[in-house]
Amino acid sequence: MSAEIRWGVVGPGRIAEKVVEDFAVVEGARAVAVASRSQARADDFADRHGIDRAYGSYAEIMADQEVDVLYVATPHPQHSAIALAGLRAGKALLVEKAFTATTPGAIEVVDLARETGVFVMEAMWTRFQPAVVAMRELIEDGAIGEIRSVQADLGVAREYDPADRLFDLALGGGALLDLGVYVVSFAQMLLGTPQRVVAAGSRFPSGVDAEAALLLDYGDGRSATLTTSLRNALPGQARVFGTAGWIDVLPRFHHPGTIVLHRAGAEPETITRRPTGAGYAHELAEVTACVRAGRPESAVMPLADTLAVQALLGEAAEQLGVRHAEDPDGMSSAGP
Ligand SMILES: NC(=O)c1ccc[n+]([C@@H]2O[C@H](COP(=O)([O-])OP(=O)(O)OC[C@H]3O[C@@H](n4cnc5c(N)ncnc54)[C@H](OP(=O)(O)O)[C@@H]3O)[C@@H](O)[C@H]2O)c1
């Protein structure tokens, strides 16, 4: 492996445009290649971001021996097929959230990662935000006692457009997989995996979920109440309640700059920790460090947590009557 960890981008869409800019502030990592289903889109992305090699198919980047890690930024149903191909090619992987479209799709990737010992991580950037790290340290120090419940909301008002991937069932659309993944992962990070999830919500005419309220029940009085929506904006606030106080994670909690600690009986303390770059640098640094150290997974975003979150999202989707599927042709699905 070269001194620098060499990254390849798969699926140069909206989020890849932003994430790739953060390599500028990550030490020892560089984006060296990009793969699109269209050579023209790959060339354009490479030109604009100073990337050396541009491929017009995903198979070509898998065969590039001078790429150590792939950042998978396609819609969710393509993640599984691309991740499996990446693992077979020996590439470490950072896979966008939601990790996959379905629980079986996630299990297949995690099983192969464990079998091959190749690094895989879900791109749940929230867990690496400096303000979230500070919050976890306070909680570990007992600042608010034992965590009993979590509240979190994340929603955007998007006009219904069946042509947009967010509303397209075949592309894993809906609030749950795009935004609900943040509230569920946040609660799972703090409380662990619940005994059950109860979901209430509604669907758009295309069959994807429009909004959802989720109750995570831990069976012992601990709970999380979570809301997500593509129909209406929500502030993006999170609150963590303990036996000795609570912590507000100010909007938007999935990449916060400020938390407010309310210790019982004390004045609130405001703690600000701004992210580096656009906030994606922290997850890129984590993957780079893990790959360099030869670790099979991240201790901050472990695969067991990814599987637990995916299963909760799957159960909630089922309760709302939403049926997601993986795209078995995700590696080669025809481009526009
Ligand atoms: N971390 C974050 O803040 C964040 C924010 C937004 C989205 N995301 C995640 O990132 C992923 C991509 O989201 P996005 O908003 O960037 O999507 P997007 O703009 O639609 O881009 C996805 C890209 O995937 C490729 N692709 C491969 N197969 C495709 C197919 N069958 N249909 C459509 N595109 C396909 C396309 O690139 P080529 O055809 O050129 O290969 C497309 O440009 C999702 O999993 C999403 O949840 C994360």
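Definitions and limits used
Residues numbered from 1 in each chain as written. Predicted model: local features only at pLDDT ≥ 70, side-chain atom pairs only at ≥ 80, totals over all residues. Heavy atoms only, no water. Helix = DSSP H or I, 4+ residues; strand = E, 2+ residues; numbered from the N terminus. Rg over C-alpha atoms; globule rule 2.2 N^0.38 Å. Buried < 20%, exposed > 50% of the residue type's maximum accessible area, 1.4 Å probe, protein only. Contact = heavy atoms within 4.5 Å. Areas by Shrake-Rupley, 256 points an atom, 1.4 Å probe, with all protein chains shown as cover. Lys, Arg positive; Asp, Glu negative; His and termini not counted. Charge placed at Lys NZ, Arg CZ, Asp CG, Glu CD. Pairing = 2+ DSSP bridges. Right-handed = clockwise from strand over helix to strand, strands pointing away. Axes fitted to C-alpha atoms, helices over the stretch in contact; angles between N-to-C directions. Phe/Tyr/Trp six-rings, centres within 6.5 Å; stacked < 30°, edge-to-face > 60°. Near = heavy atom within 4 Å. Polar contact = N/O pair within 3.5 Å; in protein donor to acceptor, adjacent residues only side chain to side chain. Domains from an automatic or database assignment.

Colleague: Would you mind going over the overall build of the protein chain with me for this structure?
Modeller: Within the protein chain, the regular secondary structure consists of nine helices and 14 strands. What you see for the protein chain is a C-alpha radius of gyration of 20 Å, in line with the 20 Å of a compact globule of 336 residues. Projected onto the principal axes, the alpha-carbon positions of the protein chain cover approximately 60 × 45 × 35 Å. For the protein chain, with 336 residues in total, the buried portion stands at 57%. Intrachain contacts of the protein chain at a sequence separation of at least 6 include 68% that bridge at least 24 residues. Here the protein chain has roughly 13,200 Å² of accessible surface; of this, 50% comes from carbon and sulfur atoms. On the protein chain, the mean spot of the 29 positive side-chain charges and the mean spot of the 44 negative ones are 2 Å from each other.

Colleague: Is there a simple way to think about the pairing of strand E4 (residues 69-72) in this case?
Modeller: Put simply, side chains in a regular strand alternate between the two faces of the sheet. Burial along E4 is two-sided: the face carrying Val69 and Tyr71 and the face carrying Leu70 and Val72 are both buried. Relative to E4, strand E1 (residues 5-10) runs parallel, the two being bridged by four bridges. Residue pairing across strands places Trp7 opposite Val69, the latter belonging to E4. Across four bridges, the pairing between E4 and strand E5 (residues 92-96) is parallel. Looking at E5, one finds that Tyr71 is bridged to Leu94. Handedness of the E4-helix H4 (residues 76-88)-E5 crossover: right-handed.

Colleague: What's the story with unusual backbone geometry in this structure? I'm lost.
Modeller: Negative phi values dominate among residues other than glycine, just as trans dominates among peptide bonds. Following Lys97, the chain continues into Ala98 via a peptide bond in cis, with omega recorded as -15°. Position of Ala98 among the secondary structure elements: in the loop between E5 and helix H5 (103-116). The omega torsion of the bond from Pro251 to Arg252 falls at -5°, within 30 degrees of zero and hence cis. As for its position among the elements, Arg252 is in the loop between strand E12 (245-249) and strand E13 (258-263).

Colleague: When you look at the pairing of strand E7 (residues 147-155) in this model, what are you seeing that I'm missing?
Modeller: Burial of E7 is extensive: seven of the nine residues sit out of reach of the surface. Pairing of E7 with strand E11 (residues 238-242), which is carried by five bridges, proceeds in the antiparallel orientation. If you follow Ser149 over to E11, its bridge partner there is Phe241.

Colleague: Whenever I open this one, the sheet that holds E11 confuses me. Can you help?
Modeller: Hydrogen bonds along the backbone pair up the strands of a sheet, which may run parallel or antiparallel. The eight strands lie next to each other as E8-E9-E10-E7-E11-E12-E13-E14, forming an open sheet whose pairing is mixed. Here the strands that pair on one side only, and so sit at the sheet edges, are strand E8 (196-203) and strand E14 (269-272). Here the strands of the sheet are splayed against their neighbours by 10° on average, with no regard to which way each runs. Here E13 runs beside E14; their pairing, made up of four bridges, is antiparallel. Within E14, the residue paired with Val260 across the bridge is Thr270. The strands that helix H9 (residues 303-319) touches are E8 and strand E9 (209-217); relative to E8, the one it contacts most, it runs at about 50°.

Colleague: Whenever I open this one, the packing of aromatic side chains confuses me. Can you help?
Modeller: Each aromatic ring pair is characterised by the separation of its centres together with the angle its planes make. Summed over the entire model, instances satisfying the criterion amount to six aromatic pairs. In this structure an aromatic cluster arises from ring pairing among Tyr160, Phe167 and Phe204.

Colleague: I tried to follow the site of the ligand on my own but got confused; where do I start?
Modeller: Taken together, 24 residues are adjacent to the ligand, and Ser36, Arg37, Arg41, Tyr58 and Lys97 come closest. His76 is positioned such that a nitrogen or oxygen atom in its side chain is 3.0 Å from an oxygen atom of the ligand. Between an oxygen atom of the ligand and a side-chain N or O atom of Tyr182, the distance comes to 3.4 Å. In isolation the ligand exposes 890 Å². Once the protein is present, 86% of that is buried. Here the element with the most residues in the shell around the ligand is H4; it accounts for three residues. Both domains that furnish three or more residues to the shell around the ligand are identified here as domain 1 (5-123 + 280-298) and domain 2 (130-272).

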